[in-house]
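Letter by letter, the chains look like this.
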Amino acid sequence: MKLMKQFTRSAALVATLALSHSALAADAMDLDALLKTLEQGKVAQSAENKEREQAFMARENEQLQMLRQAEQTRNAKLQESEQLETRFEENEVKLAQLSDTLQNRMGTLKELFGVLQQEAGESANKFATSVISAQLPGRDEFMEEMAQKMGSSSKLASIEDIEKVWFELQREMTEQGKVTRFNTEVIVAGGAKENKEVLRVGAFNLIADGKYLEYNNVTDTLSELTRQPVDRYTASAEDLQQATDGFVQFALDPTGGSILGLLVQAPGTEERVHQGGTVGYVILAVGALALLIAIERFISLLIIGSKIRRQLKDDVARDDNPLGRVMKVKDQYPHVAHDTLELKLSEAILREMPKITRNLTLIKIISVVAPLLGLLGTVTGMINTFQAITLFGTGDPKLMAGGISQALVTTVLGLVVAIPTVFLYTLLNTRSKNLLLILQEQSAGLIAERSEKGA
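Residues numbered from 1 in each chain as written. Predicted model: local features only at pLDDT ≥ 70, side-chain atom pairs only at ≥ 80, totals over all residues. Heavy atoms only, no water.

A. A look at the packing of aromatic side chains. Within the structure shown, the criterion is met by 1 aromatic pair. Here the aromatic rings of Tyr212 and Phe250 are separated by 5.9 Å at their centres, their planes lie at 25 degrees, and the arrangement is stacked. Of the two residues, Tyr212 is situated in strand S4 (residues 211-216) and Phe250 in the loop between helix H5 (231-242) and helix H6 (258-265); the sequence distance between them amounts to 38 residues. Take Tyr212: its relative accessible area is 1%, and that puts it in the buried class. In this structure, Arg139 packs its charged tip against the face of Phe127, placed 4.2 Å from the ring centre. (Phe/Tyr/Trp six-rings, centres within 6.5 Å; stacked < 30°, edge-to-face > 60°. Helix = DSSP H or I, 4+ residues; strand = E, 2+ residues; numbered from the N terminus. Buried < 20%, exposed > 50% of the residue type's maximum accessible area, 1.4 Å probe, protein only. Lys NZ or Arg CZ within 6 Å of the ring centre and 35° of its normal.)

Right, here's the structure in full:
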């Protein structure tokens, strides 16, 4: 039994050794192959390195050749630079000599060209803003070029240039005294362009279709003023444009548009009324009420007065007028004493008085209230002004203009309503008193007549 176990172990050991020998044999074969592979790679790498070394040596010769060429180019450039520096110094000496020669030869012409440059520059600015350029464009460009040319020491003016400068100056002076017509495009309200006949009044104004025009020298265009001046100015423009000969009154702007611009910016009557605000509207409403009452009273008193004058010429009393109704009191009480009749007549006159003096007190009240309303608007406007000053300071006067305008406009409106209302009240009150005086006079006559009869 023991022998059997030992035999079995020996057999297993032999089998294991056989397997180990086979594995070692396989590993030995793989290492040989690896060694061969390494030897082959080493040989290939050595060959590649030799090729690279040969290529590098070849390029080294090329780099040396390029270096020699660069050094030759540098030396040539250095030599050329020295030559150019020498030439530059020689040219500077020649230029200085030529400049001295030019200055000596110019002599007094230098002053002439200086004056020519100054006049050309000033004329260019003047021509650019002149309304004559709307008819004769391009003059300022020539003058500007001439001024630049004269400012350069390398350019001189020719006789033709000097004569043209003189010609343009003379033409400007000549055109300032002419009233001429020409056709050109005008920008009307809305932005559309229309070809119109433009009338130019010297160097002052341009008009078309009775409207003043504005010349824009930047875009070289003519356009109607957005706001035209008051009617009396536009009417004179229409008269001038329609005239063919003779003399016509025309409102021109000698400043070339500055005064016209201020007139256009000035608010009209309607705008000033709107500046008064709510208080201004109330003043106007009260004034309109006073005017309506005054018209009604004037017509009524005129009718009553005419009826009373007719009654004065007639002995028969009528009911269509105050005097007739007062005279009828005598007929109604034919037998009363004169003192009783006097009381009856006084009563009749008192009954007629409200009809004659109706609403006159209201007119008087309005004449007193209107200035007070104007004062109210003044105080309100000043309050707004001080509020604007508190918020924004006094740096911009336009912020305070609204409150000051309201203050002044309401004061003016109050006075405009009060002054004529006082005159109307005085006129109507006097007329009514005259009518009442006629009634009292006739009443006194009736009492005297009754007194004489009683005596």
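This is not the end of the story, as more comes after the structure.
B. View of the pattern of salt bridges. If you walk through the whole model with that rule in mind, you get 17 salt bridges. A salt bridge links Glu194 to Lys196, with the nearest nitrogen and oxygen atoms 3.8 Å apart. Among the residues examined, Glu194 registers a relative accessible area of 38% and is labelled partly exposed. A residue is classified by how much of its surface remains accessible, and Lys196, at 11% relative accessible area, is buried. Across the pair Arg318 and Asp314 runs a salt bridge whose closest N-O atoms are separated by 2.6 Å. With relative accessibility at 28%, the residue Arg318 sits in the partly exposed group. Taken together, the shared-partner salt bridges connect Glu194, Lys196, Asp209, Lys211 and Glu224 into one network. (Salt bridge = Lys/Arg side-chain N within 4 Å of Asp/Glu carboxyl O.)

C. The arrangement of the environment of Ile363 in detail. Relative to the helices and strands, Ile363 is located in helix H11 (residues 360-392). For Ile363, a relative accessible area of 0% translates into the label buried. Sequence spacing of Ile363 and Gly287 is 76 residues, and the spatial spacing of their C-alpha atoms is 9.3 Å. For Ile363, the residues in contact, after removing those within four places along its chain, are Ala290, Ile293, Ala294, Thr421, Tyr425 and Leu428. (Contact = heavy atoms within 4.5 Å.)

D. Here's a closer look at the sheet that holds strand S2 (residues 193-201). If you trace the 5 strands once around the closed barrel, you get S1-S2-S3-S4-S5, paired in mixed fashion. Taking the axes of each pair of neighbouring strands and ignoring which way they run, one obtains an average angle of 50 degrees across the sheet. As defined by bridge partners, S4 adjoins strand S5 (residues 221-224) across 4 bridges and the pair is classed as antiparallel. Looking at S5, one finds that Glu214 is bridged to Ser223. (Pairing = 2+ DSSP bridges. Axes fitted to C-alpha atoms, helices over the stretch in contact; angles between N-to-C directions.)

E. Looking closely at the pairing of S5. Across 2 bridges, the pairing between strand S1 (residues 179-187) and S5 is parallel. Each residue of the ladder has a partner; that of Ile187, found in S5, is Ser223. Between the antiparallel neighbours S4 and S5 lie 4 residues, among them Asp220 with a positive phi of about 55 degrees.

F. Region of interest: a nonpolar patch on the surface. On the surface, Leu291, Leu292, Ile295, Phe298, Ile299, Leu302, Ile303 and Leu427 cluster together into a nonpolar patch covering about 710 Å² of accessible area. It is helix H8 (residues 277-312) that provides the largest number of residues to the nonpolar patch, a total of 7 residues. Among the secondary structure elements, Leu291 is positioned in helix H8. (Patch = residues over 30% accessible without salt bridge, like charges linked within 9 Å, V, L, I, M, F, W, Y side chains within 5 Å. Areas by Shrake-Rupley, 256 points an atom, 1.4 Å probe, with all protein chains shown as cover.)

G. Focus on the packing of H8 against H11. For the pair H8 and H11, the least separation of the axes is 10 Å and the interaxial angle reads 165 degrees. With respect to H11, the axis of H8 lies roughly antiparallel. With respect to the hand of their crossing, H8 and H11 are arranged in left-handed fashion. Residues Val279, Val282, Ile283, Val286, Leu289, Ala290, Ile293, Ala294 and Arg297 of H8 form the contact with H11, whose own contacting residues are Leu360, Leu362, Ile363, Ile366, Ala370, Leu373, Gly374 and Gly377. Residues of the contact of H8 with H11, tallied by class, amount to 14 nonpolar, 2 polar and 1 charged. (Parallel < 35°, antiparallel > 145°, perpendicular 65-115°, else oblique. Left-handed = near helix turned anticlockwise from the far one by under 90°. Nonpolar A, V, L, I, M, F, W, Y, C, P; charged D, E, K, R; others polar.)

H. Up close: the packing of H8 against helix H9 (residues 322-332). At their nearest, the axes of H8 and H9 sit 7 Å apart, and the two run at 45 degrees to each other. Between H8 and H9, the angle is such that the two are oblique. Side by side, H8 and H9 meet where Ile304, Ile308, Gln311 and Leu312 of the first sit next to Pro322, Leu323, Gly324 and Met327 of the second. Classifying every residue of the contact of H8 with H9 by side-chain character gives 6 nonpolar, 2 polar and no charged.

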